[in-house]
Structures are given as structure tokens and as C-alpha cells.
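Working through the structure, step by step
Below are the chains, spelled out letter by letter.
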Amino acid sequence: MSSTLTIPKICFECNSTFIAKTTVTKFCSQKCAGRAYKKNKRNEKIAAAKKQEYEKAVGVDMTLIQSKEYLSIKETCLLLGISRMSLYRYIKNKTIIPSRVGGKVIIKKQVITNVIK
């Protein structure tokens, strides 16, 4: 059983027009599909390397920080991408309200999400 569909489409890789015989075709040829596949794999490797390099430089796994309910000053700075002094300025202006456990300052993640929104 052969298909009689003829759908005009534009190739995602080279932007040329072609006639597709199925509804899910994205590329005009195997060559364009191969190029797109290689480009996608290259971008995945670059993203993984950047993430690994960032975690090595920072020394902290961001997924672990994002899963916590209470954060330390350092973790809050990493999560927000701000300096320690900026965080203390937010605390002084009462934009971020910290809690204290013993002598340690901790910040509830809900407070941070409220400030961001």
C-alpha cells in the first residue's frame, strides 16, 4: 500500500522547498537529516561540557541546591546569580527576609521565589 500524499514543505536544515510523502518529514534529503543530527549531537556535547565546567568551577551541583527548601547564604547567591554583598543588601532592605538557626542564617526558598515573581 503506497501513499499518494504530496505535501509541500521547507527543509529544517537547508530551507529549500521539497515535496514530502509523509506528514512527519522534516528534511529534504538524508544528507540534510545527517547534518541536523550531527549539529544536535554537537550542541548536546557542548551543553554537557559547559554544565560540567560550571559545576567544577562553582563546586556545587545546582540540582541539589534547587531541591532544597532552606538555603545558606552561599547557596542563595549561586541560585540567584548575585554577589554576597548584593544578597546582604536585599536582606538589609527587607526584600529577602532570612531566618536564623543558631548562629547560621538560612533563607527559605519560598521567600526567594516570591521575590523573583
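Below: a short report on this structure. Nothing here was measured: the structure is a model prediction, and the numbers come from that model. (Residues numbered from 1 in each chain as written. Predicted model: local features only at pLDDT ≥ 70, side-chain atom pairs only at ≥ 80, totals over all residues. Heavy atoms only, no water.)

Here's the deal with the side chain of Lys 109
Relative to the helices and strands, Lys 109 is located in helix 5 (residues 109-116). Each residue touching Lys 109, except ones within four places of it in the same chain, is listed here: Ile 65, Gln 66, Ser 67, Lys 68, Glu 69 and Leu 79. (Helix = DSSP H or I, 4+ residues; strand = E, 2+ residues; numbered from the N terminus. Contact = heavy atoms within 4.5 Å.)

With respect to the sheet that holds strand 5 (residues 104-108)
Pairing within the open sheet is antiparallel, and its three strands lie in the order 3-5-4. A strand with exactly one partner marks an edge of an open sheet, and here the two such strands are strand 3 (70-71) and strand 4 (99-101). Pairing of strand 4 with strand 5, which is carried by three bridges, proceeds in the antiparallel orientation. Within strand 5, the position partnered with Ser 99 by the bridge is Ile 106. (Pairing = 2+ DSSP bridges.)

Describing the pattern of salt bridges
Counting across every chain of the model gives three salt bridges. Note that Lys 68 and Glu 75 form a salt bridge whose closest N and O atoms lie 2.5 Å from each other. Under the relative-accessibility criterion, Lys 68 is labelled partly exposed at 31%. Given a relative accessible area of 16%, Glu 75 falls into the buried group. (Salt bridge = Lys/Arg side-chain N within 4 Å of Asp/Glu carboxyl O. Buried < 20%, exposed > 50% of the residue type's maximum accessible area, 1.4 Å probe, protein only.)

Describing the packing of aromatic side chains
By the definition in use, this model includes one aromatic pair. Centre to centre, the rings of Phe 12 and Phe 27 are 6.3 Å apart; their planes meet at 80 degrees, and the pair counts as edge-to-face. With Phe 12 in the loop between strand 1 (7-10) and strand 2 (17-20) and Phe 27 in the loop between strand 2 and helix 1 (30-58), the pair connects residues that are 15 residues apart, well separated along the chain. Overall, Phe 12 belongs to the exposed group, its relative accessible area being 60%. For Phe 27, a relative accessible area of 24% corresponds to the partly exposed category. (Phe/Tyr/Trp six-rings, centres within 6.5 Å; stacked < 30°, edge-to-face > 60°.)

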